[in-house]
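Architecture and fold: a report
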Amino acid sequence: QVQLVETGGGLVQTGGSLRLSCAASGRTFSSLAMAWFRQAPGKERELVAAITDSGVTTTYADSVKGRFTISRDNAKNTVYLQMNSLKPEDTAVYYCAAGRGGPFRNWPPPSGDFGSWGQGTQVTVSS
């Protein structure tokens, strides 16, 4: 199983930016799709962004399109989430997730399609 560790969360003012990083262990990283999910108190965990193993295809939640960018550096076994123009509604715990190595039946993929999860990092956007 891939081990994932997120860093980069914190407190930022409305309109600010943060860059989350997810460092992965294991030689299979380059063959796995990766994603960022987030969960706010009392709400379901939702997909923020996902990226295929090659990095060619990405998908984003409508609420973050144009503001967030997911990317990966397979040589460094790391996936990133650049978050710009942050809003208070972006406040949540953000989780990095790795796919299972097989094909997706749905794209964007649901949370159940991911087999490994990081511990989460808190992002708080103040108004």
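Please refer to the structure higher up on the page.
Everything in this summary refers to the structure shown in the same document. (Residues numbered from 1 in each chain as written. Predicted model: local features only at pLDDT ≥ 70, side-chain atom pairs only at ≥ 80, totals over all residues. Heavy atoms only, no water.)

So, the nonpolar core
Grouped together as the largest cluster of nonpolar side chains are 29 residues, with contacts concentrated most on Met 34, Trp 36, Leu 81, Met 83 and Tyr 94. Elements with a contribution of two residues or more to this core: strand S3 (18-24), strand S4 (34-39), strand S5 (46-51), strand S7 (68-73), strand S8 (78-83), strand S9 (92-99) and strand S11 (121-126). Residues within four places of Leu 81 in sequence aside, it is in contact with Leu 18, Arg 19, Leu 20, Trp 36, Val 48, Ala 49, Phe 68, Thr 69, Ile 70 and Tyr 94. Counting residues in each nonpolar core, the second largest holds six residues, with Ala 35, Ala 50, Ala 97 and Phe 114 among its members. (Core = buried A, V, L, I, M, F, W, Y, C linked by side-chain atoms within 4.5 Å. Buried < 20%, exposed > 50% of the residue type's maximum accessible area, 1.4 Å probe, protein only. Helix = DSSP H or I, 4+ residues; strand = E, 2+ residues; numbered from the N terminus. Contact = heavy atoms within 4.5 Å.)

Quick word on the state of the cysteines
Taken as a whole and judged by the stated rule, the model has one disulfide. Here Cys 22 is linked by a disulfide to Cys 96, with a sulfur-sulfur distance of 2.1 Å. Here Cys 22 and Cys 96 share a disulfide; its torsion about the S-S bond, -85 degrees, makes the bridge left-handed. Here Cys 96 lies in strand S9 and Cys 22 lies in strand S3, a separation of 74 residues in the sequence. In this structure Cys 22 comes out as buried when scored by relative accessible area, which is 0%. According to the relative accessible area criterion, Cys 96 is buried, its value standing at 0%. (Disulfide = S-S within 2.5 Å.)

All quantities given are derived from atomic positions and should not be read as evidence of function.
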